[in-house]
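Descriptive analysis of the structure
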Amino acid sequence: MYEVFYAVGETVEAPVKWKDKFSGRTGYFGVLLRSNFLGMFVEPHYSGRRSGSIEVVCGCMFSGKTEELIRRLKRAKIANQEVEIFKPLIDVRYDERQVVSHDANSIPSIPVSGSSEIQKQRGRAAVIGVDEAQFFDMELVEVCQTLAAEGVRVIIAGLDMDFRGAPFGPIPQLLAIADYITKVHAICMRCGALATHSYRKTNGQTQVLVGEKNIYEARCRTCFNMGAVLEL
């Protein structure tokens, strides 16, 4: 069977007859009047205007979120696109001014105290990255919407859940408005299955506690629910 799909709103000329030389079957299809056809369910961009977007890379700790953020930003730089990256002021685990992954890959960043500082300190970058987005205030959602409306490609990386397994900071709202979402996984440090949760090994109920392997470990759902029993 032969099918031809058109984008919403496209117009076609009079149907054109086709014939399969092997089976002898015939049929008709339309011919597009315009050549900017992008495929079924793909909205065309406004000509002459760069389209912004919001991308979210989320997952548990040690899943490669920052690694993926750095990879996308470096790829944009290779394409000669101007890039800026922001991170929360409280994240000083590896470096005060660099965004650094667990694998020691890094990229220069601008530490800010809140979401409003992103708008104040940004330049004219075509691509803006935000690392550890879960530590930002809820205004980050509006900031990202504004940037995307201005034609900026916004790439966000952050934890989707806190140590309790609850949605973390502005990440749920960012996921709702994102154009593209990437969920990454770690390996459970207890059983080797895919890990989706960040288990805190220390006492304390404060939601924000910046730390590394000395405080957290990646766990699958089953091992996470077993809690401290696995440490006995």
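Conventions used here
Residues numbered from 1 in each chain as written. Predicted model: local features only at pLDDT ≥ 70, side-chain atom pairs only at ≥ 80, totals over all residues. Heavy atoms only, no water. Helix = DSSP H or I, 4+ residues; strand = E, 2+ residues; numbered from the N terminus. Buried < 20%, exposed > 50% of the residue type's maximum accessible area, 1.4 Å probe, protein only. Contact = heavy atoms within 4.5 Å. Areas by Shrake-Rupley, 256 points an atom, 1.4 Å probe, with all protein chains shown as cover. Core = buried A, V, L, I, M, F, W, Y, C linked by side-chain atoms within 4.5 Å. Polar contact = N/O pair within 3.5 Å; in protein donor to acceptor, adjacent residues only side chain to side chain. Pairing = 2+ DSSP bridges.

Looking at the overall build of the protein chain
For the protein chain, the count of helices and strands is five helices and 14 strands. When each of the 232 residues of the protein chain is scored for burial, the buried share is 42%. By sequence separation, contacts in the protein chain at least 24 residues apart represent 65% of the contacts at least 6 residues apart. Carbon and sulfur atoms make up 53% of the accessible area of the protein chain, which amounts to about 13,300 Å² in all.

Quick look at the nonpolar core
The biggest cluster of nonpolar side chains holds 23 residues, and the ones touching the most others in it are Ile54, Ile118, Leu140, Ile156 and Leu174. Breaking this core down by element, the ones donating at least two residues are strand S3 (53-59), strand S8 (127-130), helix H3 (139-149), strand S9 (153-159) and helix H4 (171-177). If you tally residues by element for this core, the top one is H3, at six residues. The contact partners of Leu174, leaving out residues within four places of it in the chain, are Val56, Ala133, Leu140, Val141, Cys144 and Ile156. Counting residues in each nonpolar core, the second largest holds 15 residues, with Cys60, Ala195, Ile215 and Cys220 among its members.

Points about the environment of Val184
Within the secondary structure, Val184 is located in strand S10 (residues 180-184). Here the alpha-carbon distance between Val184 and Gly64, two residues 120 residues apart in the chain, equals 6.8 Å.

Here's the deal with the side chain of Glu132
With respect to the element layout, Glu132 can be found in the loop between S8 and H3. Of the polar contacts made by the side chain of Glu132, one reaches the side chain of Gln134; its length is 2.6 Å.

Comments concerning the pairing of S3
The element S3 is extensively covered by neighbouring structure, given that seven of its seven residues are classed as buried. A two-sided burial pattern is seen for S3, the buried positions comprising Ser53, Glu55, Val57 and Gly59 on one face and Ile54, Val56 and Cys58 on the other. Inspection of the sheet shows S3 paired to S9 by seven bridges, in the parallel sense. In the strand pairing of S9, Cys58 is matched with Gly158.

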